[in-house]
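Here's the letter readout for the chains.
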Amino acid sequence: MKTTPFTEKHIALGAKMHEFAGYNMPIEYSGIIDEHMTVCKAVGVFDVSHMGEFWVKGPKAMEQVQLLTSNNVAALTPGKVQYSAFVNDKGGIVDDLLVYHYEENKYMLVVNAANIEKDWNWCMAHKIEGAEFENSSDNIAQLAIQGPKAINALQKLTDLDLSQIPYYTFKVGRIAGVDNVIISNTGYTGAGGFELYFYPQYADQVWNAVFEAGAEFGIKPAGLGSRDTLRLEVGFCLYGNDLDDTTSTIEAGLGWITKLVDGNNFIGRDIVERHKTEGTTRKLVGFEMIDRGIPRQHYPLVNAEGEQIGVVTSGTMSPTRKIGIGMGYVKPEYTKLGTEIYIDVRGRKLKAEVVRPPFRRL
């Protein structure tokens, strides 16, 4: 298995480790619920160094990223970040990603760890003249410092005014004594906070400084288990569960990152445009359990008559609500808010209601 610059720290701290996307990653430390609530109320730290980072540079960099991604890159100015998707020629999602406009003619694409090779090959297959790619996935460490107290902890480590970095923007500066750190107001938890990108040789220095600065705020390390429950509570999609090569952005409710504007002729646009105008045979919805039970991925979704109408793609017991929550694809006639649907749990029909995420109510 691959390791991150923080793997030895996770092991030394007693984390429960497991393979994820080819990496030896921490699943939990003090427990998923404890870590989840720490991020919601204070500050937690995730090692996300397994994520992939591609640089796109050159005079045709913007044109290149515009071709590859569904959002409108032309609307990005330096210092801003965009959530987007690679779309294939059948309208399916190759991956979802973040696009950073680092500076003029230079972008950073942050992709999912499990898709690094696949995404790189996709980019190489659609490379245009005047754009240069660099795969820096193995040369960038990343920590996500998440939660309402994250800004208090990190502000102690930098002269930059972190309150002047709005959501989905970033600055490059000095933090924890390390220069050229990308300090990004992004994250996958819905609890606020920042993601830091830096060279791996500074991993110990940054980790130690962050935990020292956050001690008074109850900072804790957090694993992939709570990262998943946190993202689900706010209704963020997970590639491989809620998104894949066969789901379109329109089916997944990601029309807001699919800009069908003049000049944005991304790969697969014609299919996606047809989905938007003609409709689709399925849609991703959120639901809350009415009956007691935990929806799990791949459980059938059925109607009152027991006919299958879809499938669960993500589900868990909400740590903050103490009820079962989930997402899944259903036939269009079952997407209206308030619609009663049922989860088939080993032959038992458990009632649920279609709702609009986020599920978290603190």
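Note that the structure is predicted; figures quoted are calculated from it, not measured.

What counts and how
Residues numbered from 1 in each chain as written. Predicted model: local features only at pLDDT ≥ 70, side-chain atom pairs only at ≥ 80, totals over all residues. Heavy atoms only, no water. Phe/Tyr/Trp six-rings, centres within 6.5 Å; stacked < 30°, edge-to-face > 60°. Lys NZ or Arg CZ within 6 Å of the ring centre and 35° of its normal. Pairing = 2+ DSSP bridges. Helix = DSSP H or I, 4+ residues; strand = E, 2+ residues; numbered from the N terminus. Axes fitted to C-alpha atoms, helices over the stretch in contact; angles between N-to-C directions. Contact = heavy atoms within 4.5 Å. Buried < 20%, exposed > 50% of the residue type's maximum accessible area, 1.4 Å probe, protein only. Arc of directions from axis to C-beta. Core = buried A, V, L, I, M, F, W, Y, C linked by side-chain atoms within 4.5 Å. Disulfide = S-S within 2.5 Å. Polar contact = N/O pair within 3.5 Å; in protein donor to acceptor, adjacent residues only side chain to side chain. Parallel < 35°, antiparallel > 145°, perpendicular 65-115°, else oblique. Left-handed = near helix turned anticlockwise from the far one by under 90°. Nonpolar A, V, L, I, M, F, W, Y, C, P; charged D, E, K, R; others polar.

**Q** What exactly am I supposed to notice about the packing of aromatic side chains here?
**A** To describe a pair of aromatic rings, you give the distance between the ring centres and the angle between the ring planes. Applying the stated criterion across every chain, the model contains 12 aromatic pairs. An aromatic cluster is built from Trp55, Tyr100, Tyr102, Phe170 and Tyr197, whose rings are joined through pairwise contacts. A cation over an aromatic ring shows up here: Lys106 above the ring of Trp55, its NZ or CZ 4.6 Å from the ring centre. Over the ring of Tyr329 we find Arg282; its NZ or CZ atom is 5.0 Å from the centre of that ring.

**Q** Help me understand the sheet that holds strand 4 (residues 52-57) in this model?
**A** Strand pairing within a sheet occurs via backbone hydrogen bonds; the two strands may be parallel or antiparallel. Sheet architecture is open: 5 strands sit in the order 5-6-7-4-8, paired in antiparallel fashion. Each edge of the sheet is formed by a strand with only one pairing partner; in this case those strands are strand 5 (81-87) and strand 8 (132-135). The mean angle between the axes of side-by-side strands here comes to 30°, regardless of whether they run parallel or antiparallel. As defined by bridge partners, strand 4 adjoins strand 8 across 4 bridges and the pair is classed as antiparallel. Directly across from Lys57, in strand 8, lies its bridge partner Glu132. Set on the sheet, helix 3 (residues 61-68) makes contact with strand 4, strand 5, strand 6 (93-103), strand 7 (106-111) and strand 8; between it and strand 7 the angle comes to about 30°.

**Q** Would you take a moment to explain helix 8 (residues 269-278) for this structure?
**A** Side chains three or four residues apart in an α-helix point the same way, a direct result of the helix having 3.6 residues per turn. Of the residues making up helix 8, those classed as buried are Arg269, Ile271, Val272 and His275. Down the axis, helix 8 shows its buried residues gathered within 165° of arc, on one side only. In helix 8, the exposed residues that point more than 90 degrees away from the buried face are Asp270, Thr277 and Glu278. Elements that come into contact with the buried residues of helix 8 comprise strand 5.

**Q** When you look at the environment of Phe86 in this model, what are you seeing that I'm missing?
**A** As for its placement among the helices and strands, Phe86 is situated in strand 5. Phe86 gets classed as buried once you look at its relative accessible area, which sits at 0%.

**Q** How should the pairing of strand 1 (residues 16-20) be read in this particular structure?
**A** Taken residue by residue, a regular strand's side chains alternate between the two faces of the sheet. Where strand 1 meets strand 2 (residues 23-28), 5 bridges bridge the pair, whose relative direction is antiparallel. Counterpart to Met17 in the pairing with strand 2 is Pro26.

**Q** Help me understand the nonpolar core in this model?
**A** Considering soluble globular proteins, one finds that nonpolar side chains tend to be buried as a cluster. Ranked by size, the top nonpolar core spans 35 residues in total, and within it Phe46, Tyr100, Met108, Val110, Ile182, Tyr197 and Leu243 carry the most contacts. The set of elements that each furnish at least two residues to this core consists of helix 2 (32-41), strand 5, strand 6, strand 7, helix 7 (224-233) and strand 17 (324-330). Apart from residues no more than four positions distant in its own chain, Tyr197 is found in contact with Glu53, Tyr100, Met108, Val110, Ile140, Ala141, Gln142, Asn180, Val181, Ile182 and Ser184. Counting residues in hydrophobic clusters, the runner-up holds 31 residues, among them Ala15, Val45, Leu162 and Phe217.

**Q** For this particular structure, what's the right way to read the sheet that holds strand 10 (residues 170-175)?
**A** Strand order across the open sheet formed by 6 strands is 10-11-12-9-3-13, with mixed pairing between neighbours. Strands at the two margins of the open sheet, each flanked by one partner only, are strand 10 and strand 13 (220-222). Here the strands of the sheet are splayed against their neighbours by 30° on average, with no regard to which way each runs. Contacting strand 3 (44-47), strand 9 (141-146) and strand 13, helix 2 crosses the sheet at an angle of about 115° to strand 13.

**Q** How should I be thinking about unusual backbone geometry in this particular structure?
**A** In most cases, non-glycine residues show a negative phi, while peptide bonds are predominantly trans. Backbone torsion omega between Pro357 and Pro358 reads 10°, so that peptide bond is classified as cis. With respect to the helices and strands, Pro358 occurs in the segment after strand 19 (348-355). Here the phi dihedral of Tyr168 falls at roughly 60°; this positive angle occurs in a residue that is not glycine. Notably, Ala176 is not glycine yet its phi reads approximately 55°, a positive angle. Structurally, the position occupied by Ala176 is in the loop between strand 10 and strand 11 (178-184). Here Ala176 falls in the buried class, since its relative accessible area comes to 13%.

**Q** Just checking my understanding: could you explain the state of the cysteines for this structure?
**A** What we call a disulfide is simply a covalent bond connecting the sulfur atoms of a pair of cysteines. Counted by the stated rule, this structure contains 0 disulfides. Here Cys40 is not disulfide-linked; the sulfur of Cys237 is the nearest cysteine sulfur, at 19 Å. Exposure remark for Cys40: the relative accessible area of 8% places this residue in the buried category.

**Q** Is there a simple way to think about the environment of Tyr29 in this case?
**A** Position of Tyr29 among the secondary structure elements: in the loop between strand 2 and helix 2. Since its relative accessible area comes to 17%, Tyr29 is described here as buried. In the structure, Tyr29 is positioned 12 residues away from Met17 in sequence and 9.1 Å away in space, judged by C-alpha atoms. Not counting the four nearest positions on each side in its chain, Tyr29 is found in contact with His10, Leu13, Ala15, Glu35, Trp207, Pro221, Ala222 and Gly223. Within the local environment of Tyr29, its side chain forms a polar contact with the side chain of His10, the two groups lying 2.4 Å apart.

**Q** What is the right way to read the packing of helix 2 against helix 7 from this model?
**A** If you want to describe how two helices pack, look at the angle between their axes and the distance between the axes. Interhelical geometry of helix 2 versus helix 7 gives an angle of 55° and a closest axis separation of 8 Å. Relative to helix 7, helix 2 is oriented oblique. Remark: the crossing between helix 2 and helix 7 carries right-handed chirality. Residues Ile32, Glu35, His36, Val39 and Cys40 of helix 2 form the contact with helix 7, whose own contacting residues are Gly225, Ser226, Thr229, Leu230 and Glu233. Here the residues of the contact of helix 2 with helix 7 sort into 4 nonpolar, 4 polar and 2 charged.

Geometric values such as these leave the question of function open.
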